[in-house]
Amino acid sequence: MSVHCTFNNTIISLIDIKGNVLCWSSGGEVGFKGARRSTAYAAQLATEKVLSHARSINAHSIKIQVSGVGEGKRASIKSVANSGIRVLSIVDVTSLPHNGCRPPLRRQV
């Protein structure tokens with residue numbers, strides 16, 4: 001399972017071992033619009049929708065990859081833990097800046 005949280009939305013994807021997306025949901029897909037898509041409650045509902053599909057395909061254990069800086073990270077992990085599906089690992093794969101790009105040269109007159 002992959003959880004991608006931004007300041008505007010939370011996208012949850014159910015992924016198999018090869019990396020193919022089996023099911024996905026987001027705050028906007030659940031029915032929230034505007035600033036409410038990025039709330040923890042929207043992430044919780046989106047996660048529950050993905051977990052119901054995971055139960056239908058008999059997934060007993062899940063590895064979670066979390067990326068981003070939004071509010072939905074904790075809420076989605078918490079709803080997975082409360083669902084009864086076993087969590088094997090939780091990995092935060094948020095990219096970190098490493099001094100960024102090279103700045104532009106100064107203008108020569």
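- The protein is annotated in an unreviewed UniProt entry as Ribosomal protein S11 from Ophirina amphinema.
- UniProt, in the comment section headed Sequence similarities (unreviewed entry), describes the protein in these words: "Belongs to the universal ribosomal protein uS11 family."

**Regarding helix H2 (residues 40-56)**
Part 1: The end-to-end C-alpha distance of H2 is 25 Å, a good match for the 24 Å that 17 residues give at a rise of 1.5 Å each.
Part 2: Every buried residue of H2 is accounted for by Ala42, Ala43, Ala46, Thr47, Val50, Leu51 and Ala54.
Part 3: Of the residues flanking the end of H2, it is asparagine 58, one or two places downstream, whose phi is positive at about 60 degrees.

**Some points on the packing of aromatic side chains**
Part 1: The tally for this structure, following the rule as stated, stands at 1 aromatic pair.
Part 2: Centroid distance phenylalanine 32 to tyrosine 41: 6.0 Å. Interplanar angle 85 degrees. Geometry classified as edge-to-face.
Part 3: What makes tyrosine 41 partly exposed here is its relative accessible area of 49%.

**Quick look at the packing of H2 against helix H3 (residues 72-83)**
Part 1: Contact geometry for H2 and H3: axes closest at 8 Å, N-to-C directions at 35 degrees. The crossing of H2 and H3 is right-handed. Of the residues in H3, those touching H2 at Ala40, Ala43, Gln44, Thr47, Leu51 and Arg55 are Gly72, Ala75, Ser76, Ser79, Val80 and Ser83.
Part 2: Here the contact of H2 with H3 is built from residues that sort into 5 nonpolar, 6 polar and 1 charged.

**Comments concerning the side chain of threonine 47**
Part 1: On the secondary structure map, threonine 47 appears in helix H2.
Part 2: Of the residues examined, threonine 47 reaches a relative accessible area of 1% and is grouped as buried.
Part 3: A polar atom in the side chain of threonine 47 sits 2.7 Å from the backbone oxygen of alanine 43.
Part 4: Sequence-distant contacts of threonine 47, that is, excluding residues within four places in its chain, are made with Met1, Ile12, Ser76, Ser79 and Val80.

**Focus: the state of the cysteines**
Part 1: Under the defined criterion, the tally for this structure stands at 0 disulfides.
Part 2: Here cysteine 5 stays free of any disulfide, with the sulfur of cysteine 23 as its closest cysteine sulfur at 16 Å.
Part 3: Cysteine 5 sits in the buried class, given a relative accessible area of 1%.

Calculation rules
Residues numbered from 1 in each chain as written. Predicted model: local features only at pLDDT ≥ 70, side-chain atom pairs only at ≥ 80, totals over all residues. Heavy atoms only, no water. UniProt positions renumbered as here; feature names shortened; annotations may be inferred. Helix = DSSP H or I, 4+ residues; strand = E, 2+ residues; numbered from the N terminus. Expected span 1.5 Å × (residues − 1). Buried < 20%, exposed > 50% of the residue type's maximum accessible area, 1.4 Å probe, protein only. Phe/Tyr/Trp six-rings, centres within 6.5 Å; stacked < 30°, edge-to-face > 60°. Axes fitted to C-alpha atoms, helices over the stretch in contact; angles between N-to-C directions. Left-handed = near helix turned anticlockwise from the far one by under 90°. Contact = heavy atoms within 4.5 Å. Nonpolar A, V, L, I, M, F, W, Y, C, P; charged D, E, K, R; others polar. Polar contact = N/O pair within 3.5 Å; in protein donor to acceptor, adjacent residues only side chain to side chain. Disulfide = S-S within 2.5 Å.

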